[in-house]
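Take a look at the letters that make up each chain.
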Amino acid sequence: MNIKELDNKYVLPTYARADVEFVSGKNARLIDSNGKEYIDFTSGIGVVSVGHGNERVSSAICKQVSEITHMSNLYYIAPQARAAQKIVEASGYDMQCFFGNSGAEANEGAIKIARKFGERDGEVKRYKIITLQHSFHGRTITTVKATGQEAMHNYFGPYPDGFVYADNIAHVESLLDDHTCAVMIELVQGEGGVQPQNKEEVQALAKLLMSKNILLIVDEVQTGGYRTGEFLASNLYEIEPDIVTLAKGVGGGVPVGVVMTSLKGILSAGDHGSTFGGNYLSTAAVCEVMDILNEYKKSGELETNTAYFNGELEKFYMANRNLFTSRVGIGMMCGLRTKNAETLTSVINNARENGVMVLKAGKNTLRFLPPLTITKEEIDEGFKALSNAVSSL
Ligand SMILES: *Cc1c(COP(=O)(O)O)cnc(C)c1O
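As the structure is a prediction and not an experimental result, all values here were calculated from the model.

Reading the values: the criteria
Residues numbered from 1 in each chain as written. Predicted model: local features only at pLDDT ≥ 70, side-chain atom pairs only at ≥ 80, totals over all residues. Heavy atoms only, no water. Helix = DSSP H or I, 4+ residues; strand = E, 2+ residues; numbered from the N terminus. Polar contact = N/O pair within 3.5 Å; in protein donor to acceptor, adjacent residues only side chain to side chain. Domains from an automatic or database assignment. Contact = heavy atoms within 4.5 Å. Buried area = accessible area lost by both parts, 1.4 Å probe. Pairing = 2+ DSSP bridges. Axes fitted to C-alpha atoms, helices over the stretch in contact; angles between N-to-C directions.

Participant: What's the story with the side chain of asparagine 320 in this structure? I'm lost.
Facilitator: In this structure, asparagine 320 sits in the loop between α11 (301-319) and β13 (324-330). Looking at asparagine 320, its side chain comes within polar contact range of the main-chain oxygen of phenylalanine 316, at 2.8 Å.

Printed below as a string of structure tokens:
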């Protein structure tokens, strides 16, 4: 059986897979099983932030796993402690980290922290968490309920109580009550359509929540790790959240999720845990990815490349106004709104045939999450292929 047949026979069909199998990659270049080359404007949904086949990350992982891969969180783990230091220092916040294995798990941790805070702090038990319409927080039973998309709430109930959806940031205030312990938001909604929040509104919300002793959780699973230009989008928005979650880009491809909080005393031994979370393998990768990204930011290369990518995206947008209605996003988290969903599907399929990978977000957004280390040459090649892809539409 070939891979496609094996997959169809033995893997649950939870993904609508495109008919392509990648076998290797170098930075923003990919090669499929037929030897065809592609430019990757997706980095595997914002994961491979330092590029495919990154030599520094692969040698850091190889060195680590040849010594020790896993023991357990019952003992000290050197790369975990170092990864936490690097993440906290890059954030500029006075926080501590917990390591899990995915974005959803990081958000589960955030919700547990908020619930314990709500239980402990105050006269009545506070348990409500307000999230936004069109948000995305994960696929576990709790994080799917935290996700403000009714279409995702079919079949799997009963769900945990206490999630309330605000239409937008301005609508949050009217939903706060004595039982609210936290508000959880994405500063740029990723899956929802690469939609940035308004900075002044977010700052006003942060201030309001602080005055009411309600926690602000920022889900930076997609925005974190310099995706928006700063280490956290929270840095860019100049706010100080109580809890931040990270995943996708900070592991450079290894599964990792992080919940970090300034509420250092809230969880005690036994309140939370993970068998795999924070093990030697994943946190050795995080350490190297953090070093690479910190250097990349410091040298100015991140800014230069981001500006170049956005310049080329703007040219592509202006040349194809018949297909696209607006350009959205921040930094290397970019989107083009398409006239309709059918156009979007054709663009994505034609792009793949022409050798460039792009993503969908929401109903009608063409999404770009290139590796942050993408080069000028790769950007040029990718937009050339994309222009060819849309020329027939
Ligand atoms: C991808 C994503 C998640 C879920 O992460 P998983 O690793 O798939 O569990 C949660 N929140 C946001 C904002 C995301 O983009």
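Still more ground to cover, so stick around.
Participant: Would you explain the domain arrangement of the protein chain in this entry?
Facilitator: Quite often, the size of an interface is put as the accessible area lost when its parts meet. Partitioning the protein chain into domains gives domain 1 (3-53 + 300-390) and domain 2 (68-298). Once you take the C-alpha centre of each, domain 1 and domain 2 turn out to be 26 Å apart. Across the contact, 29 residues belong to domain 1 and 28 residues belong to domain 2. For the pair domain 1 and domain 2, the two sides together bury roughly 2,300 Å², of which 62% comes from carbon and sulfur.

Participant: What am I meant to see in the sheet that holds strand β2 (residues 29-32) here?
Facilitator: Strand pairs in the sheet, formed through backbone hydrogen bonds, run parallel or antiparallel to each other. Read from one edge of the open sheet, four strands run β1-β2-β3-β15, paired in mixed fashion. For this open sheet the edge positions go to β1 (22-26) and β15 (356-357), each flanked by a neighbour on one side alone.

Participant: Got a minute to help me understand the sheet that holds strand β5 (residues 128-132) in this structure?
Facilitator: Taken together, the seven strands give an open sheet; going across it, the order is β4-β12-β11-β10-β7-β5-β6, and neighbouring strands pair in mixed fashion. Since the sheet does not close on itself, it has two edges, and those belong to β4 (96-100) and β6 (163-166), each with one partner. Averaged over all neighbouring strand pairs, the angle between strand axes comes to 20 degrees, with direction disregarded. With three bridges joining them, strand β10 (residues 215-219) and strand β11 (residues 243-246) adopt parallel strand pairing. Among the inter-strand pairings, aspartate 219 is bridged to a residue of β11, identified as threonine 245. Helix α8 (residues 199-211) contacts β7 (180-185) and β10 of the sheet and is inclined by roughly 160 degrees relative to β7.

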